[in-house]
Amino acid sequence: MKSNLPFPEKLDITVTCASGVEKVTKTELERLGYPSAPAVNGSITFSGDKSAVARCNINLRTADRVYIKIAQFPAQTFDELYDGVYQIPWQNYLPKDAKILVNGKSVKSKLFALSACQSIIKKAIIKGLSRYYGISLFPETGSLYQVEFWVFKDEVTLLLNTSGTGLHKRGYRDLVGIAPIKETLASALLLMSDFYYNRPFIDPFCGSGTIVIEGAKIALNIAPNILRDFDFRHWTNFDKKYYTQAYEQAKDNEKLDRQIDFSGYDIDQKAIKLARHHAVLAGLDKKVRFERREVKDLTSESAFGTIVTNPPYGERVYDIKQAKQCYKELGEALKKMQGWSLFAITSAKSFERYLGKRADRERKLYNSNKECRYYYYYGQKEKPNDRR
Ligand SMILES: C[S@@+](CC[C@H](N)C(=O)[O-])C[C@H]1O[C@@H](n2cnc3c(N)ncnc32)[C@H](O)[C@@H]1O
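Report on the accompanying structure. Keep in mind it's a predicted model, so treat the numbers as computed, not measured.

Time to look at the overall build of the protein chain. Broken down by element type, the protein chain carries 10 helices and 13 strands. Radius of gyration (C-alpha) of the protein chain: 23 Å, near the 21 Å computed for a compact globule of 388 residues. Referenced to the eigenvectors of the C-alpha coordinate spread, the extents of the protein chain come out at roughly 75 × 45 × 35 Å. Expressed as a percentage of contacts within the protein chain between residues at least 6 apart in sequence, the contacts between residues at least 24 apart total 78%. Here the protein chain has roughly 18,700 Å² of accessible surface; of this, 49% comes from carbon and sulfur atoms. Between the centroid of the 61 positive side chains of the protein chain and the centroid of its 45 negative side chains there is a distance of 1 Å.

Written out as structure tokens, the structure is:
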């Protein structure tokens, strides 16, 4: 019986992200040293290696998942799908005890029955592996390997999910608040703003604390996913050293001695309790502050700073009247904070009207599939002598 092969050295790596944040994810990849190809439908593919798998999973703040792209071929029938999958040398990726899970999606294609595609793909993979390893019964007793298929306009792409659960699951948010924003979107909002580690920062509608915590992690150069696990770490054919090296490098890059002034406020005492709990889990309770405060009382002793926020949209817990009141009070508070920039995401069309000011810029983004606008209001420019 043949033994398992080590994972290939050269890999095509595909990183997915939410629609509208591709540019931010591309910049993140470039900063990690991976100049990438253009983003197509919320995914970016580039040539990399095993260390790139580990580094991308640990360090990317705005990516949903990191995949290894295995193959791409046209298929319009189940036979073409089976043949295309069977021809792939799966033994390069999967050991003989791999537990295989197949999932996928299909858009504008003849192959649209997902569960049929799932079972055909799994059958073809197991057939190919059993033939290579010379076994008649494929046991699936080992680590989990999740294979994803994307069928788009009759073109099948097969990928191996190296992350496991989505990368928004950072490992510090164990309880759910009111309409929490995904950590990956929170990071994207921050990276699109003028927020900087030595500028005071406030989220006046902080809820469970996501934006403040993600902001503090960026400010202190703490890798977003340093606390969590990934599927590839459990793969017996993927050398452990790649994770260890990436982890140690990320730890070395931390800037924990930076002084930061980051606060989150919320009207709801329960939300504040939750945000503090998450800050403890993230190891940031000494670095960030959470206080119960209504937006009408928003002030700061600092002349300059940045607000990034996800206020109520007026759709679920807070109705539109309450949401509009929040925008109005935020607008009033901002009049006394001329040096502060505001960046706010909402689906409410009346945001600018109730805030009382036209945004300098806006862009379309999606928050949990809901179409939103991200409004940019730049504060007065800080001059070198303005520093406190
Ligand atoms: C969309 S949620 C924010 C969720 C947050 N981004 C998170 O990840 O958990 C809006 C928050 O605004 C708070 N809120 C509503 N009215 C407020 C007011 N007048 N002043 C301050 N906070 C308010 C709510 O309690 C809620 O936590």
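We now examine the packing of aromatic side chains. Per the stated rule, a full pass over the model turns up 27 aromatic pairs. Note on Tyr196 and Tyr197: the rings are 5.0 Å apart at their centroids and 45° apart in plane angle, and the pair reads as tilted. In this structure Tyr196 comes out as partly exposed when scored by relative accessible area, which is 46%. Judged by its relative accessible area of 25%, Tyr197 is partly exposed.

Moving on: the packing of helix H3 (residues 78–86) against helix H4 (residues 114–133). The interhelical angle for the contact between H3 and H4, taken along N-to-C directions, is 35°, at an axis separation of 8 Å. At the point where H3 passes H4, the crossing takes the right-handed sense. The segment H3 lies against H4, with Phe78, Leu81, Tyr82, Val85 and Tyr86 engaging Ala116, Cys117, Ile120, Ile121, Lys123, Ala124, Ile125, Lys127, Gly128 and Arg131. For the contact of H3 with H4, the class distribution of residues is 11 nonpolar, one polar and three charged.

Between helix H2 (residues 50–59) and helix H7 (residues 241–252), the shortest axis-to-axis distance is 8 Å and the interhelical angle comes to 45°. For the element pair H2 / H7, the angle class is oblique. When the axes of H2 and H7 are compared, the crossing they make is right-handed. Together, Lys50, Ser51, Ala54, Arg55, Ile58 and Asn59 of H2 and Tyr242, Tyr243, Ala246, Tyr247, Gln249 and Ala250 of H7 make up the contact between the two elements.

Below, the discussion takes up the sheet that holds strand S6 (residues 155–161). Here we have six strands laid out as an open sheet, ordered S2-S1-S3-S6-S5-S4, and mixed in their pairing. Looking at strand neighbours, the two that pair on one side only are strand S2 (43–48) and strand S4 (99–107), the edges of this open sheet. The mean angle between the axes of side-by-side strands here comes to 30°, regardless of whether they run parallel or antiparallel. Sheet analysis places strand S1 (residues 11–17) next to strand S3 (residues 63–74), joined by six bridges and oriented antiparallel. Looking at the pairing, Asp12 lines up with Lys69 of S3. Each of S1, S2 and S3 is contacted by helix H1 (residues 22–31), which is oriented at about 15° to S2, the strand it contacts most.

On to the layout of surface pockets, then. As a volume, the largest pocket reaches approximately 980 Å³. What lines the largest pocket is a set of 37 residues, among which Thr16, Asn41, Gly42, Ser43 and Lys105 lie closest to the centre. When residues of the lining of the largest pocket are traced back to their parent elements, those giving at least two are S1, S2, S3, S4, strand S5 (144–152), S6, helix H5 (183–192) and strand S12 (361–367). When residues in the lining of the largest pocket are grouped by element, the largest group, five residues, is from S3.

Here we come to the pairing of S1. Taking burial as the measure, the seven residues of S1 include six buried ones, the bulk of the element. Looking at chain direction, S1 and S2 are connected through six bridges and run antiparallel. Among the inter-strand pairings, Val15 is bridged to a residue of S2, identified as Ile44.

Judged by nonpolar contacts, the single largest core of 100 residues is most densely connected at Leu81, Trp90, Leu94, Ile100, Ile125, Leu158 and Leu160. Counting residues per element, this core draws most heavily on H4, at nine residues. Each of two domains, domain 1 (11–161) and domain 2 (183–224 + 261–386), supplies a minimum of three residues to this core. Non-local contacts of Trp90, meaning those with residues more than four positions away in its chain, are made with Ile70, Val85, Ile125, Leu129, Val147 and Leu158. Counting residues in hydrophobic clusters, the runner-up holds 22 residues, among them Ile202, Phe205, Val295 and Leu355.

Along strand S11 (residues 339–346), eight of the eight residues are buried, which leaves the element largely enclosed by surrounding structure. Burial along S11 is two-sided: the residues Gly339, Ser341, Phe343 and Ile345 and Trp340, Leu342, Ala344 and Thr346 are all buried. Bridging between strand S10 (residues 304–309) and S11 involves six bridges; their strand directions are parallel. Bridge pairing in S11 links Gly305 to Trp340. Handedness of the S10-helix H9 (residues 320–335)-S11 crossover: right-handed.

One pass over the full model with this rule turns up 19 salt bridges. Here Lys286 ties to Asp285 by a salt bridge, and the two come within 3.6 Å at their closest N and O atoms. Taking the relative accessible area as the measure of exposure, Lys286 reaches 76% and is therefore exposed. By relative accessible area, Asp285 is classed as partly exposed at 36%.

Calculation rules
Residues numbered from 1 in each chain as written. Predicted model: local features only at pLDDT ≥ 70, side-chain atom pairs only at ≥ 80, totals over all residues. Heavy atoms only, no water. Helix = DSSP H or I, 4+ residues; strand = E, 2+ residues; numbered from the N terminus. Rg over C-alpha atoms; globule rule 2.2 N^0.38 Å. Contact = heavy atoms within 4.5 Å. Areas by Shrake-Rupley, 256 points an atom, 1.4 Å probe, with all protein chains shown as cover. Lys, Arg positive; Asp, Glu negative; His and termini not counted. Charge placed at Lys NZ, Arg CZ, Asp CG, Glu CD. Phe/Tyr/Trp six-rings, centres within 6.5 Å; stacked < 30°, edge-to-face > 60°. Buried < 20%, exposed > 50% of the residue type's maximum accessible area, 1.4 Å probe, protein only. Axes fitted to C-alpha atoms, helices over the stretch in contact; angles between N-to-C directions. Left-handed = near helix turned anticlockwise from the far one by under 90°. Nonpolar A, V, L, I, M, F, W, Y, C, P; charged D, E, K, R; others polar. Parallel < 35°, antiparallel > 145°, perpendicular 65-115°, else oblique. Pairing = 2+ DSSP bridges. 1 Å grid on protein atoms, 1.4 Å probe; cavity = no way out; pocket = protein on both sides within 12 Å on 5 of 7 lines; lining within 4 Å. Points joined across faces, edges and corners; volume = space filled by probe spheres on them. Core = buried A, V, L, I, M, F, W, Y, C linked by side-chain atoms within 4.5 Å. Domains from an automatic or database assignment. Right-handed = clockwise from strand over helix to strand, strands pointing away. Salt bridge = Lys/Arg side-chain N within 4 Å of Asp/Glu carboxyl O.

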